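Listed below are the residues making up each chain.
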Amino acid sequence: MSDVQEARASFTAMTNADAADYEIITDHFRSFSKGLADRLLDHLKLLDGDFGGFPIDRLQHSLQSATRAHRDGKSEDYVIMALLHDIGDTLGTFNHADIAASILQPFLDEELHWIVKHHGIFQGYYFFHHIGLDRNLREQFRDSPYFDACAEFCEKYDQNAFDPDYESEPLSFFEPMLRRVVAKPRQSIYKAAQE
Ligand SMILES: [Fe+2]
Ligand SMILES: [Fe+2]
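Residues numbered from 1 in each chain as written. Chains lettered and ligands numbered in written order. Predicted model: local features only at pLDDT ≥ 70, side-chain atom pairs only at ≥ 80, totals over all residues. Heavy atoms only, no water.

## Here we look at the nonpolar core
Soluble globular proteins tend to pack their nonpolar side chains together in the buried interior.
Then step 1. With 42 residues, the main nonpolar core has Tyr 78, Met 81, Leu 83, Leu 84, Ile 115, Phe 153 and Val 182 as its most contacted residues.
Then step 2. Broken down by secondary-structure element, the contributors of at least two residues to this core are helix 3 (36–45), helix 4 (58–71), helix 5 (76–84), helix 6 (96–104), helix 7 (110–123), helix 8 (147–158) and helix 9 (171–181).
Then step 3. Met 81 has contacts with Leu 104, Leu 108, Leu 112, Ile 115, Val 116 and Phe 153, leaving out every residue within four places of it along the chain. (Core = buried A, V, L, I, M, F, W, Y, C linked by side-chain atoms within 4.5 Å. Buried < 20%, exposed > 50% of the residue type's maximum accessible area, 1.4 Å probe, protein only. Helix = DSSP H or I, 4+ residues; strand = E, 2+ residues; numbered from the N terminus. Contact = heavy atoms within 4.5 Å.)

Printed below as a string of structure tokens:
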């Protein structure tokens, strides 16, 4: 373990911490934040073998979504948004879209963040009527400038990404893209501490 990783601040409550303590903590944060891509890859792998009754497991669904977006010429940010859009399935049992949206918010523009945050309700257009819900719940967002973009994501890269015969790229194909997209936040109050 390096000296940086072994160093510890000495305060017992934040009220008696000083700048030197936070220099130590900021050093830790710098190396921790560099491991985000690895943690995301590990977490995506939790979706491997998790079918939830669907025709393909959630990792294959994620890869198929990202592959379809990539083959359609979507941007790298878009492809990674597609890859991670369901990463919250394991912890956000009742709000999975919010998990991916929160993780990706520092790295995406407003439109892509809006898409991933709202994809759960927009995806409902394709199945809510089968479970006694209103498939048009998405209509409450009709006035959003991103309505069509979110509808397009669900139509072209989400609701149709359950085909067991589709040949998706493997996770390793997307790994360099993922590393680039999450390398540096565009917006975060902790951005300065990462630099
Ligand atoms: Fe989803
Ligand atoms: Fe999905």
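## Here's the deal with helix 9
Then step 1. Every buried residue of helix 9 is accounted for by Leu 171, Phe 174, Met 177, Leu 178 and Val 181. The buried residues of helix 9 occupy an angular sector of 120 degrees when the element is viewed end-on, so they sit on one face.
Then step 2. On its buried side, helix 9 packs onto helix 3, helix 4 and helix 5. (Arc of directions from axis to C-beta.)

## Overview of the coordination of the iron ion (ligand 1)
Then step 1. Surrounding the iron ion (ligand 1) are the protein donor atoms Asp 86 (OD), His 96 (NE2) and His 119 (NE2), which sit 2.0 to 2.2 Å from the metal.
Then step 2. For the iron ion (ligand 1), all donor residues lie on one chain, and their spacing in sequence is D-x9-H-x22-H.
Then step 3. Taken as a pair, the iron ion (ligand 1) and the iron ion (ligand 2) show a spacing of 3.6 Å, with Asp 86 coordinating each metal. A residue pair is termed long-range when its members are at least 10 positions apart, and Asp 86 in the loop between helix 5 and helix 6 and His 96 in helix 6 qualify at 10 residues.
Then step 4. A residue is classified by how much of its surface remains accessible, and Asp 86, at 7% relative accessible area, is buried. (Donors = N, O, S within 2.8 Å, 3.2 Å for Na, K, Ca; no water.)

## Quick look at helix 6
Then step 1. Considered for burial, the residues of helix 6 that qualify are Ala 97, Ala 100, Ala 101 and Leu 104. Angularly, the buried residues of helix 6 cover 100 degrees about the axis, an arc narrow enough to put them on a single face.
Then step 2. Where helix 6 is buried, its residues contact helix 5 and helix 7.

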